[in-house]
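# Understanding the architecture of this molecule
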Amino acid sequence: MIITKKALPRRTFLRGLGATLALPLLDAMIPAATAAVLTPARPVRRLGYVFMPMGCDQTRWLPGRTGPLGDLPPILESLAPHKDQITVLSNLELRNAYPGSHATSNAAFLSAAKAKHTESSDYYLGTTADQLAAKQIGSETQLPSLELSMDMLQTTGQCDNGYACVYQNNLSWSSPTTPLPSEAHPRVVFERLFGEGGSRAERQAALRRRASLLDLVADDLAGLKLGLGAADRTRVSEYLETVREVERRIQRAEAETAANNLPPDLERPLGVPALYADHARLMFDLQVLAWQGDITRVITFQLARETSNRTYPEIGVSDPHHPLSHHGNDPDKIARMAKINAHHVSLFAYFLDRLRHTPDGDGSLLDHSALLYGSGIGNPNVHDHTDLPIIVAGGGLGGLKHGRHIRYEQATPLANLHLTLLDKVGVQIDSFADSNGRANELFTPLSV
Amino acid sequence: MRFRSGVQFPLSMAVLAVVMPGREPVRADLGAFVDEHCLDCHDSGHSRSDLSLEGLDYSRPGTNPEVWERVLRKLEHRLMPPVDKSRPDEGSYRHMTGYLTAELDRAAAAHPQPGRTDALRRLNRTEYQNAVRDLLGVEIDATTLLPQDEPAHGFDNVMIGNLSPTLMDRYVGAAQKVARLAVGASALAPGGDTFRVRPEVTQEQQVDGLPPGTRGGLRIPYQFLQDGEYEISVRLVRDRNEMVEGLRQPARVEFLLDRDRLAEFTVQPPGDDKNWEEVDRHLVHRATVAAGPHELAVTFPQAPTALFETVREPYVSRFNIFRHPRTVPAVYQVTITGPFSPRGPGDTPSRRRLFAPLAGLKPGANDDARAHAILAPLLRSAYRRPVVEADFRGPMQLFREGCAEQGFDLGVERAVSAVLVNPQFLFRVEREPAGAAPGTVHAITDLELASRLAFFLWSSVPDDELLDTAVRGELRRPEVLERQVHRMLADDRARNLVTNFAAQWLHLRALEAVKPDERLFIDFDDNLRSALRTETELFVASVLEEDRSVLDLISADYTYLNERLARHYGISHVIGSRFRRVSFADDPARQRGGLLRQGSLLTVTSYATRTSPVIRGKWILDNVLGTPPPPPPPDVPALDDKVVSASLPIRARLAAHRDKPACASCHNVIDPVGFALEQFDAVGRYRTLENFHPVDASGGLPDGSKFDGVAGLETALLARPELFAGTVVEKLFVFALGRGVTPQDAPAIRQIVRQSAPSHYRLSALIIGLVQSQPFQLRTTP
């Protein structure tokens, strides 16, 4: 549906990208471990963050013991083919998400910061890890980062415990006061990545037209400052910076359209798949394409927002997720919630599969990309932000060692892990939010 | 705080004069009252309260509105002292609220603090969509073009000062698309749009707007870009085995363009090969369509069968493929692809409108002069002010580029896109008067006032008449302003107050996302969802259009029903898909009427499987009474140690958490409000039994009043009509001004309510009071 001009059979329609872009498996199956041994200390090229809402059933998430991964627990079962590419980390926490709530779970997941308790536009959080990474490795790509989600309908009037909806909706913040809205519509995401598609020449001409429009905007913004106070004039200057940023992106896109390894003709996806899983897989496909075309190197993806009342009848769960997550220790409800958790994980497994089978230089996209999958809540029944479900995957060529369960003896800030991943993309900072160290265990050889 | 001198102030002074009511000064001993009724809890050392009333200056409460407006609100609503503590008698309550009101109002009149709406406010998604409609005559779905706006204070037009690169990027893309829709000049590769019917739509009845004798399908208002050929293809709904649902005998499918038949097909069940993949493959038709807005429809002729005439109970919708497969085929999606072999932009309403100024030009005018003539009225409307020559520079530059590339039309298209990305269009700007000191109170300009009015009542740009009035400097004259408001309210665009303002205020937008449990509510399909929304929209619109009292929103004895909804409500003799007004005026035991009896609100305040008296109670406290309960504590203790049988009535289950002191202090206030609506189930049906237990709908309000059922609740809510009217004004205030209500705004809001009391709180009186108020007309420099 994105690439080919040939008709696709209906059964493969929704898998369009997967079916048409993946190269034969043999080409892609470069054994990551071998390559990693050869070049142990390279930086990671890309970072991906996948957010799972409202925690999970920890008893069905945690592997029975620490060390090498044996049989995977029920929620993680779908990751079995990629056991050698994942590490389960437990006993990580988000201290700054307290007092516990859904808004702060989402807000703290990538910022590890305390959200200012307000419903109004004086919201204040912290710059999120993905955005620090984007500043470092995103400057050369068309989009510094890509923010994606799955919820097409906005929440109104229901934001959590007196927190502005921005906290609950936005995972990524480019500054403590700038939440970055995410996009859930596949066609819109496609158009941001590739414009309206078409041939290379058409894509470049379209970019030039955008650039000339933006030139005008920049000229006219200055006029806006007349008669404004100092603070508002500063704001207009920020707008101008925003416009310049978009211009830079377009210039980069123009340069890259000329020479990247994407197929020459790209066709847009049209609608939104009706089934959640199809929609999610399409969003993952787009992420693979964005990385494959080097259009961006940092992606965040919210599988559903906190307090989502989405039901999953396709896996036999017709209860809305949020009330189910406040299960009151009812075993039946926990079991149904765990089905949702496992469903989300299985979609992540699909993403790993796609990345692993897409070649990239001397390895696969997965070898060159580190991924963090997890939630800002541990036990959702009580809005708990300790013992978070967290998985790190990929990045083998950056020296990440996988295939095990690491449990911290003491509750350890999730920020340590953020800091470690930021290290790997070259962000040089001594600490991040409430970090008190680094998760260097990720690099120690498996035999320990 | 001081007034600037030397600036014209005729109207704002007039506003000030009304603030000072000629009432007798009230005297009261606030200190003694606080000491007797408040300080037990609200002292500085007490842990249970964040509000200390100890050691304040009780002689001049007007100087401290942050504290005393809060106290006044609690006393006005009889929320404090709590019902189980010793409370003042009604006379003391009235005396003290009268005193505080007078003191606070007097202080506000002496030192007006009209507040400050942000200087830079971006058009939000709805405003952008409406503005494009009013500027260019093009209907767009902005949700596909722009990201959603973050709501704050309950509305999505409050937090709109930011501009991220993503958003800027999207505005650029949107401008190009809109300009292309309006002019249709740029050549493009055939594109596609796919329209899906929501899976829960039952397609057994006539779709509203399609010809009688048809059933199901969908109607697509669509703007065709150019004259040319378009391919329309249709797929039918399949079940989980990938078979076309309900296809047991040959079925006919029709494509309609503007209600005329475009093509007709027959779909046959597969032969022995069971090849379901191919049965609807031939539902493709290529047609020549003229550019512009058309209505494409795909539907089925209604088969003459007695089956659907029989009454079956319960009514079972066909949407649930897992349990109730459809009996007849249904449309899954329609894709429109094109234009193939395009033959130019054609003659569309938007082009006629855009090019109209050319008629006034001398023959032989050159391209630049023609483009200039086209742009002049567009720029004025888009920038909401008289144009100056500099405004033409950018658009004309793009015009010349486009003109050179591919001729006049493409030039105009590029110029239109330049207007649509201009910050003068995208931002509403309110400027500070030159040289004003910080904290100066000043009147906004007439043009700014025109924009405030238009964005409040229409969520769109001002029209010519409003701009002309502002340019003439007449808009501030109270009688002119009032006339303009009445004119604007009578305009179709005022429907925005229903679909935008009320939909957000009442949480109607959340209806799209609710998913009642399919097993418990087997008849909840998308037809019902849309009927529920339509009922409330038509109902609110009736209050707006007939200029009724806002109290009718609660107390009305009529509503709007179609057959689907009437069946849901158990009301007979309402036949057909058309909505009509149904009165229950003579029915003392009526079940339907005002908002609190409407399925839409009762559903959005419920869980998927059951009602939630907590959410319903909070909804009423927030949106009807204007006294939102505090947010729950972050470490909500679980209910698990008292897991009670799910078969017990919800009241019994909630009793468990009201036993916990940590929960009880708030839930004792919230829950009883919601209990009064227990006569309505989680999808708004009337009931007398809940899980085989008789419904107990006894409830109460935080002021201590007790009653039974929705009728009692309505009576109690309207016992003091000024409280509900005040809430409506506050909600209108947030929406109109794009900012939250502060304690400093309370005197102005009280005044609006007082002024509208003689007209029995007509909606127009509230709106006129609001636009005449200081916060709407004045502003403070930063």
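Keep in mind the model is a prediction, meaning the values are calculated, not measured.

All right, on to the overall build of chain A then. When you go through chain A residue by residue, the secondary structure sums to 15 helices and 12 strands. Per-residue burial over chain A gives 58% buried out of 448 residues. For chain A, the share of sequence-separated contacts (at least 6 apart) that also reach a separation of at least 24 residues comes to 73%.

Looking now at the overall build of chain B. When helices and strands are tallied, chain B shows 27 helices and 19 strands. A buried classification covers 48% of the 782 residues belonging to chain B. Counted over contacts in chain B with a minimum sequence separation of 6, partners at least 24 positions apart contribute 72%.

Counting residues at the interface gives 65 residues for chain A, matched by 71 residues for chain B. Sorting the residues of the side of chain A that touches chain B by element identifies α8 (165-169), α9 (186-194), α10 (200-224) and α11 (230-258) of chain A as the ones contributing at least two each. Tallying contributions element by element places α10(A) first for the side of chain A that touches chain B, with 10 residues. When grouped by side-chain class, the residues that make up the side of chain A that touches chain B number 25 nonpolar, 26 polar and 14 charged.

A separate point is the nonpolar core. Counting residues in hydrophobic clusters, the biggest one holds 315 residues, and the most contacted among them are B:V178, B:V421, B:V729, B:L766 and B:L770. Those residues within four positions of B:V178 in sequence are excluded, and the remaining contacts are B:V132, B:L136, B:V138, B:I140 and B:L420.

Here the focus is the environment of B:D280. Residues and elements named next belong to chain B. Mapped onto the elements, D280 comes out in the loop between β7 (260-267) and β8 (284-289). Judged by local crowding, D280 falls into the buried class, with 24 C-beta atoms found within 10 Å. Taking C-alpha positions, D280 is 36 Å from E535, a pair spaced 255 residues apart along the chain. When neighbours within four sequence positions are excluded, D280 is seen to be in contact with V234, R235, L236, V244 and V267.

Glancing now at the sheet that holds strand β3 (residues 86-93) of chain A. Residue and element names in this part refer to chain A. Read from one edge of the open sheet, eight strands run β2-β12-β3-β11-β10-β1-β7-β4, paired in mixed fashion. On the outer flanks of this sheet lie β2 (67-68) and β4 (146-149), each paired with one strand and no other. Across four bridges, the pairing between β4 and strand β7 (residues 298-302) is parallel. Across the sheet, the residue bridging to E147 is T300, located in β7. Docked against the sheet, helix α7 (residues 129-137) engages β1 (46-51) and β7, running at close to 155 degrees with respect to β7.

Attention shifts here to the pairing of β7(A). Residues and elements named next belong to chain A. The element β7 is extensively covered by neighbouring structure, given that five of its five residues are classed as buried. The sheet contact formed by β1 and β7 spans five bridges and is parallel. Residue pairing in the sheet places G48 in a bridge with I299 of β7.

Another point: helix α12 (residues 446-457) of chain B. Residues and elements named next belong to chain B. The terminal C-alpha atoms of α12, which comprises 12 residues, lie 16 Å apart, in line with the 16 Å expected from a rise of 1.5 Å per residue. Taken as a whole, α12 has its buried residues at E448, L449, A450, S451, R452, L453, A454, F455, F456 and L457. Once α12 ends, the next one or two residues include S459, with phi positive near 45 degrees.

All names here are of chain B. At their nearest, the axes of α12 and helix α13 (residues 464-471) sit 8 Å apart, and the two run at 155 degrees to each other. Our classification of the angle between α12 and α13 gives roughly antiparallel. For the pair α12 and α13, the sense of crossing is right-handed. Contacts from D446, L447, L449, A450, L453 and A454 of α12 reach α13 at L466, L467 and A470. Class assignment of the residues belonging to the contact of α12 with α13 gives a composition of eight nonpolar, no polar and one charged.

Cis geometry marks the peptide bond from A:Y98 to A:P99, where omega comes out at -5 degrees. Mapping A:P99 onto the fold places it in the loop between β3 and α6 (102-111). B:P339 follows B:G338 through a cis peptide bond whose omega is 0 degrees. By the element assignment, B:P339 lies in strand β10 (residues 331-340). For A:N329, which is not glycine, the phi torsion reads 60 degrees and is therefore positive. Mapped onto the secondary structure, A:N329 falls in the loop between α13 (321-325) and α14 (331-356). At B:R78, a residue that is not glycine, the phi angle is positive and equals roughly 55 degrees.

Our next topic: the confidence of the model for chain A. Residues and elements named next belong to chain A. In this model, chain A carries an average pLDDT of 83, and 84% of its residues clear a pLDDT of 70 or more. Confidence over residues 1-40 falls short of pLDDT 50; this stretch has 63 contacts with residues more than four positions distant or in other chains. Segment residues 154-158: pLDDT under 50, and 12 contacts once partners within four positions in sequence are set aside and those in other chains are kept.

Here we take up the sheet that holds strand β9 (residues 292-301) of chain B. Backbone-to-backbone hydrogen bonds pair the strands of a sheet. The strands run either parallel or antiparallel. Residues and elements named next belong to chain B. Taken together, four strands build an open sheet; the order of strands is β4-β9-β6-β7 and the sheet is antiparallel. A single partner strand is all that each edge strand has here, and the edge strands are β4 (214-224) and β7. Across the sheet, the axes of successive neighbouring strands diverge by a mean angle of 15 degrees, strand direction being ignored. Across seven bridges, strand β6 (residues 251-257) lies against β7 in antiparallel orientation. Bridge pairing in β7 places F255 opposite A263.

The next point concerns the packing of helix α3 (residues 65-76) of chain B against helix α4 (residues 90-110) of chain B. Residue and element names in this part refer to chain B. Contact geometry for α3 and α4: axes closest at 10 Å, N-to-C directions at 150 degrees. As far as their axial angle goes, α4 and α3 are roughly antiparallel. For the crossing formed where α3 meets α4, the hand is left-handed. Note on element contacts: α4 touches α3 through Y93, M96, T97, L100, T101 and L104, opposite P65, W68, E69, V71, L72, L75 and E76. Counted by class, the contact of α3 with α4 contains nine nonpolar, two polar and two charged residues.

Below, the discussion takes up the confidence of the model for chain B. All names here are of chain B. Per-chain confidence: chain B averages 87 in pLDDT, with 90% of residues scoring 70 or above. Every residue in residues 308-315 scores below 50 in pLDDT, and together they form four contacts with partners more than four places removed in sequence or on other chains. Between residues 318-323, whose pLDDT stays under 50, and residues either more than four places distant or in other chains, the model counts 17 contacts. Reported confidences for the modelled complex are a pTM of 0.77 and an ipTM of 0.83.

Before going further, it helps to examine the environment of B:K515. Note on placement: B:K515 falls in the loop between α15 (496-505) and α16 (526-545). You can call B:K515 partly exposed: it has 17 C-beta atoms within 10 Å. It is 45 Å that separates the C-alpha atoms of B:K515 and B:L379, two residues lying 136 residues apart in sequence. Setting aside its immediate chain neighbours within four residues, B:K515 contacts A:N309, A:T311, A:P320 and B:A608.

Cut-offs applied
Residues numbered from 1 in each chain as written. Chains lettered and ligands numbered in written order. Predicted model: local features only at pLDDT ≥ 70, side-chain atom pairs only at ≥ 80, totals over all residues. Helix = DSSP H or I, 4+ residues; strand = E, 2+ residues; numbered from the N terminus. Buried ≥ 20, exposed ≤ 12 C-beta atoms within 10 Å, placed from the backbone. Contact = placed C-beta atoms within 7 Å. Nonpolar A, V, L, I, M, F, W, Y, C, P; charged D, E, K, R; others polar. Core = buried A, V, L, I, M, F, W, Y, C linked by C-beta atoms within 7 Å. Pairing = 2+ DSSP bridges. Axes fitted to C-alpha atoms, helices over the stretch in contact; angles between N-to-C directions. Expected span 1.5 Å × (residues − 1). Parallel < 35°, antiparallel > 145°, perpendicular 65-115°, else oblique. Left-handed = near helix turned anticlockwise from the far one by under 90°. pLDDT = per-residue confidence, 0-100.

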